[in-house]
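What the coordinates show
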Amino acid sequence: MRVLIVEDERRLAVSLARGLTAEGFAVDVVHDGLEGLHRAGEGVHDLVVLDIMLPGMNGYRVCAALREAGNEVPILMLTAKDGEYDEAEGLDTGADDYLTKPFSYVVLVARVKALLRRRGSAGASPVLRLGSLVLDTAARRVFRNDTEVTLTAKEFAVLEQLAVRAGQVVGKSRILEHVWDFAYDGDPNIVEVYISTLRRKLGADLIQTVRGAGYRLASS
């Protein structure tokens, strides 16, 4: 899952990005409303964490512009304001949830996960069953042949990218984009390292290499 944070308080933005990355999300960060609107409009993010008091364009206007454009990405609004009127204004512009600063990081993560579960429940099931492999995307648990396999957050995220496209070839660049982020400038072969680890933990037969194209998760 890929999250966009639009927050002009840089220390808070960095702290949120680090925490969500540790939870297994790919995270992009921008610090003004106009850039946030542009990035959110690209359609690659699964959720937007959006501050209200932003330079360039405030969060209310960003949210309203996205909804007017037909963009239904879940939006969690953050603000230093409080009061029923402010919350109502945020929700009226199309936000899905609202969190007032200062807030507990644990609560923010819970809200993010709840919004993603809610979005998933409107479409595909949060449990993916692919032959002997079962992924519970809400609980972040994996089973192979009815035995639970412990994966790190990044390992799960890589596997999830393959599982939601089981039987299809998934390119290395796509995995990098959705599991890491745009700012990642390390060795792209990191994907191969994680694929190798997943094969070791789940079985060498599960993930096939399609030379020159990417990887395919066996669908049965």
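Residues numbered from 1 in each chain as written. Predicted model: local features only at pLDDT ≥ 70, side-chain atom pairs only at ≥ 80, totals over all residues. Heavy atoms only, no water.

**Section: the sheet that holds strand β4 (residues 75–79)**
Read across the open sheet, the five strands follow the order β2-β1-β3-β4-β5; overall the sheet is parallel. If you trace the sheet from one side to the other, it starts and ends with β2 (26–30) and β5 (97–100), each paired once. Across the sheet, the mean angle from the axis of one strand to that of its neighbour is 20°, orientation sign disregarded. Where strand β1 (residues 2–6) meets strand β3 (residues 47–51), four bridges bridge the pair, whose relative direction is parallel. (Pairing = 2+ DSSP bridges. Helix = DSSP H or I, 4+ residues; strand = E, 2+ residues; numbered from the N terminus. Axes fitted to C-alpha atoms, helices over the stretch in contact; angles between N-to-C directions.)

**What to know about the UniProt feature "modified residue: 4-aspartylphosphate" (unreviewed entry) in the chain**
Sites flagged by UniProt as "modified residue: 4-aspartylphosphate" (unreviewed entry) map to D51. Residue class for D51 comes out buried when judged on its relative accessible area of 3%. Apart from the residues lying within four places of it in its own chain, the contact partners of D51 are V6, E7, D8, G59, L78, T79 and K101. (UniProt positions renumbered as here; feature names shortened; annotations may be inferred. Buried < 20%, exposed > 50% of the residue type's maximum accessible area, 1.4 Å probe, protein only. Contact = heavy atoms within 4.5 Å.)

**Remarks on the sheet that holds strand β9 (residues 147–149)**
In space, the four strands of this open sheet follow the order β6-β7-β8-β9, with antiparallel pairing throughout. Every interior strand has two partners, whereas the edge strands, β6 (127–130) and β9, have only one. Adjacent strand axes in the sheet meet at a mean angle of 20°, parallel and antiparallel pairs treated alike. One ladder, built from four bridges, connects strand β7 (residues 133–136) with strand β8 (residues 141–144); its direction is antiparallel.

**Some words on the pattern of salt bridges**
Taken as a whole and assessed by the stated rule, the structure comprises 13 salt bridges. Here K101 and E7 are joined by a salt bridge, their closest N and O atoms 3.0 Å apart. Of this pair, K101 sits in the loop between β5 and α5 (105–121) while E7 sits in the loop between β1 and α1 (10–22), placing them 94 residues apart in sequence. Residue K101 shares its accessibility class with E7, and that shared class is buried. Where salt bridges share partners, they join R2, D28, R39 and E42 into one cluster. (Salt bridge = Lys/Arg side-chain N within 4 Å of Asp/Glu carboxyl O.)

**Quick word on the packing of helix α6 (residues 153–163) against helix α7 (residues 172–179)**
Two quantities define a packed helix pair, namely the angle between the axes and the distance from one axis to the other. Their axes nearest at 10 Å, the elements α6 and α7 cross at an angle of 130°. As summarised for this structure, α6 and α7 are arranged oblique, according to the angle between their axes. Every pair of crossing elements has a handedness; the one defined by α6 and α7 is right-handed. Every residue of α7 that contacts α6 at K154, A157, V158, Q161 and L162 is listed here: R174, I175, H178 and V179. When its residues are assigned to classes, the contact of α6 with α7 shows five nonpolar, two polar and two charged. (Parallel < 35°, antiparallel > 145°, perpendicular 65-115°, else oblique. Left-handed = near helix turned anticlockwise from the far one by under 90°. Nonpolar A, V, L, I, M, F, W, Y, C, P; charged D, E, K, R; others polar.)

**Let's talk about unusual backbone geometry**
Of note in this structure, N145 is not a glycine but carries a positive phi near 55°. Here N145 shows up in the loop between β8 and β9.

**Thoughts on the nonpolar core**
If you look at the biggest cluster of nonpolar residues, it comprises 26 residues, and the most contacted ones within it are L133, L159, I175 and L217. Elements supplying a minimum of two residues to this core: β6, β7, α6, α7, α8 (190–202) and β12 (214–217). Top element by residues in this core is α6. It accounts for six residues. (Core = buried A, V, L, I, M, F, W, Y, C linked by side-chain atoms within 4.5 Å.)

**Thoughts on the pairing of strand β11 (residues 207–210)**
Where a strand is regular, its side chains alternate between the two sheet faces. Sheet topology note: the β11/β12 ladder contains four bridges and is antiparallel. For I207, the partnering residue across the bridge sits in β12 and is L217. Counted between consecutive antiparallel strands, the loop separating β11 from β12 contains three residues, among which G212 sits at a positive phi close to 80°.

**Quick word on the packing of α7 against α8**
Contact geometry for α7 and α8: axes closest at 10 Å, N-to-C directions at 90°. In terms of orientation, α7 lies roughly perpendicular with respect to α8. Each of K172, I175 and L176 in α7 lies in contact with α8, whose residues at this interface are I190, V191 and E192. Within the contact of α7 with α8, the residues separate by chemical class into four nonpolar, no polar and two charged.

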